[in-house]
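Understanding the architecture of this molecule
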Amino acid sequence: MSHRSAAAAEGLAPQPDLDAGTTRTAAILDWLLASMMGLMLPLAPIAASVIARDGSYLRRYGATTAKAAGHLQGQVRSRAFSRYLLYDANTASTADTVVGQCTHCGNCCLHRRCIYLDWSPAGDSRCRIYNSPFWKALACGRYPESRQDIQLYACPSFTAGSQPAPVSSQAKPLTSGSGEVPSRWQCVPDSRPHSEQ
């Protein structure tokens, strides 16, 4: 069984086309790091409070710890650790042109399990650490970088390569507080007349 079909059987993200030894090492790394982080779950509310600069994570210790466990499951499911470490190999094998606009569905936030994921009253996802140095250092700051990323999270907002860009009236540009759109995205606006939107 190939590493891609084994990953699919486990419900995990497929790895880029790498040799079997590298793929096996990456899978072991995912589980080892997840196990180590699992041992540190009691410290997760403290870490989340510091990273997000938000004391509510610590004040709601029990809920934050449960959310951190879900976050960890999302990381294992998407193979976030090894995909991040294998970024150069991944982009070398999938040099896609990505187009689209974020619709704030939250899928890319570790399958809606990220501890920093929050929801607006209108039901739009929003990141509590968006555009921070920590966010930029994670894979979050590079998403979506390839067709593989888009498929992994069943993203309705972006397409890669020669696929047509999705047309959605729900598209909302992902911006920082200054209104800046990440330059690596070629934002394709909805082409329908305003009266139809």
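Up top is the structure.
Throughout what follows, the structure given in this document is the object of discussion. All of these numbers come straight from a predicted model, not from anything done at the bench.

Re the nonpolar core
- Residues Tyr57, Cys114, Ile115, Tyr116, Ile150 and Phe158 are the most contacted members of the largest nonpolar core, which totals 24 residues.
- Among the elements that make up this core, the one with the highest residue count is helix H3 (residues 44–52) (3 residues).
- Once residues within four sequence positions are removed from consideration, Tyr57 is found in contact with Pro45, Ala48, Ser49, Ala52, Thr64, Ile115, Tyr116 and Arg128.

With respect to the side chain of Glu145
- Assignment of secondary structure puts Glu145 in the loop between helix H8 (133–137) and helix H9 (147–152).
- At 3.1 Å, the side chain of Glu145 forms a polar contact with the side chain of Arg142.

Considering H3
- Within H3, the full set of buried residues consists of Ala44, Pro45, Ala48, Ser49 and Ala52. Each buried residue of H3 lies within a common arc of 135° when the element is viewed along its axis, so the set occupies one face.
- Tucked inside the fold, the buried residues of H3 contact helix H4 (56–59) and helix H5 (61–77).
- Backbone geometry just after H3 places Arg53 at a positive phi near 55°.

Parameters at a glance
- Residues numbered from 1 in each chain as written.
- Predicted model: local features only at pLDDT ≥ 70, side-chain atom pairs only at ≥ 80, totals over all residues.
- Heavy atoms only, no water.
- Core = buried A, V, L, I, M, F, W, Y, C linked by side-chain atoms within 4.5 Å.
- Buried < 20%, exposed > 50% of the residue type's maximum accessible area, 1.4 Å probe, protein only.
- Helix = DSSP H or I, 4+ residues; strand = E, 2+ residues; numbered from the N terminus.
- Contact = heavy atoms within 4.5 Å.
- Polar contact = N/O pair within 3.5 Å; in protein donor to acceptor, adjacent residues only side chain to side chain.
- Arc of directions from axis to C-beta.

Fair warning: the whole summary comes from geometry, so function is off the table for now.
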